[in-house]
Amino acid sequence: IWCKLVNTTYPIRKYKTTNITYQSGIEKAFLDFCFNNGIKVENGKEISYQFNGKMKTYITDFYLPKIKYIIELKAKNKFYRDDLKSGKIEAKNSAANTYAK
């Protein structure tokens, strides 16, 4: 049985000398693109949502303040597939849409 109690697969890292954090290669590539093209990017927004009767906090990946866009990047890994199957992705998306309005 494979079990990990800490997130060593996608540890949180700081981008270069900033306070902006990322976890995956696709997130780092997005940050590289933004910084190389002069696009102001910030850490994502915290959004409260309910899942399985419990309140949780969804931290989106990034925020583009100039155009007021919340950015969420997903790879189709095991964590994503599990969250999709359980309905957690739908709960997060619903909360993010409500927040954005």
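Criteria and cut-off values
Residues numbered from 1 in each chain as written. Predicted model: local features only at pLDDT ≥ 70, side-chain atom pairs only at ≥ 80, totals over all residues. Heavy atoms only, no water. Helix = DSSP H or I, 4+ residues; strand = E, 2+ residues; numbered from the N terminus. Buried < 20%, exposed > 50% of the residue type's maximum accessible area, 1.4 Å probe, protein only. Contact = heavy atoms within 4.5 Å. Areas by Shrake-Rupley, 256 points an atom, 1.4 Å probe, with all protein chains shown as cover. Pairing = 2+ DSSP bridges. Expected span 1.5 Å × (residues − 1). Arc of directions from axis to C-beta. Polar contact = N/O pair within 3.5 Å; in protein donor to acceptor, adjacent residues only side chain to side chain. Salt bridge = Lys/Arg side-chain N within 4 Å of Asp/Glu carboxyl O.

**Q** What is the right way to look at the overall build of the protein chain in this model?
**A** Each helix and strand counted, the protein chain has 3 helices and 7 strands in total. Burial statistics for the protein chain: of 101 residues in total, 26% are counted as buried. Partitioning the contacts of the protein chain with sequence separation of at least 6, the portion at a separation of at least 24 is 32%. Carbon and sulfur atoms provide 53% of the accessible area of the protein chain, an area that totals close to 7,600 Å².

**Q** Which parts of the structure should I look at to understand the pairing of strand β4 (residues 46–51)?
**A** Where a strand is regular, its side chains alternate between the two sheet faces. On β4, burial follows the alternation: Ile47, Tyr49 and Phe51 on one face are buried, whereas Glu46, Ser48 and Gln50 on the facing-out side are not. Pairing of β4 with strand β5 (residues 54–59) involves 6 bridges; the strand directions are antiparallel. What sits directly across from phenylalanine 51, in β5, is lysine 54. Linking two consecutive strands that pair antiparallel, namely β4 and β5, is a turn of 2 residues; a positive phi of about 50° is found at asparagine 52 within it.

**Q** What's the story with helix α1 (residues 25–36) in this structure? I'm lost.
**A** Because an α-helix completes one turn every 3.6 residues, residues spaced three or four positions apart along the sequence face the same direction. Counted at 1.5 Å a residue, the expected span for α1 with its 12 residues is 16 Å, and the 16 Å between its end C-alpha atoms agrees. Residues Glu27, Phe30, Leu31 and Cys34 constitute the buried set of α1. The buried residues of α1 occupy an angular sector of 100° when projected down its axis, which confines them to one face. Of the exposed residues in α1, the ones pointing more than 90 degrees away from its buried face are Gly25 and Asn36. Of the surrounding secondary structure, the elements contacted by the buried residues of α1 are β2 (21–22), β6 (62–64) and β7 (69–71). Positive phi appears at glycine 38, one or two residues downstream of α1, with a value of about 65°.

**Q** Looking at this structure, how should I read the side chain of threonine 60?
**A** Locating threonine 60 in the fold gives a position in the loop between β5 and β6. Under the relative-accessibility criterion, threonine 60 is labelled buried at 3%. From its side chain, threonine 60 meets the backbone nitrogen of lysine 45 in a polar contact 2.8 Å long. Setting aside its immediate chain neighbours within four residues, threonine 60 contacts Gly44, Lys45, Ile47, Ile70, Ile71 and Glu72.

**Q** Please explain the pattern of salt bridges as it appears in this structure.
**A** Two side chains carrying opposite charge are able to pair once their charged atoms lie near each other. A complete count under the given rule lists 4 salt bridges for this structure. The partner of lysine 40 in a salt bridge is glutamate 42, with the nearest N and O atoms 3.9 Å apart. Judged by its relative accessible area of 53%, lysine 40 falls in the exposed class. We classify glutamate 42 as partly exposed; its relative accessible area is 27%. A salt bridge links aspartate 82 to lysine 78, with the shortest nitrogen-to-oxygen separation between them at 2.5 Å. Of this pair, aspartate 82 and lysine 78 both sit in helix α2 (residues 78–86), 4 residues apart, which is roughly one turn of that helix. Relative accessible area serves as the criterion here: at 36%, aspartate 82 is assigned to the partly exposed category.

Everything listed here is a matter of geometry and, on its own, says nothing about what the molecule does.
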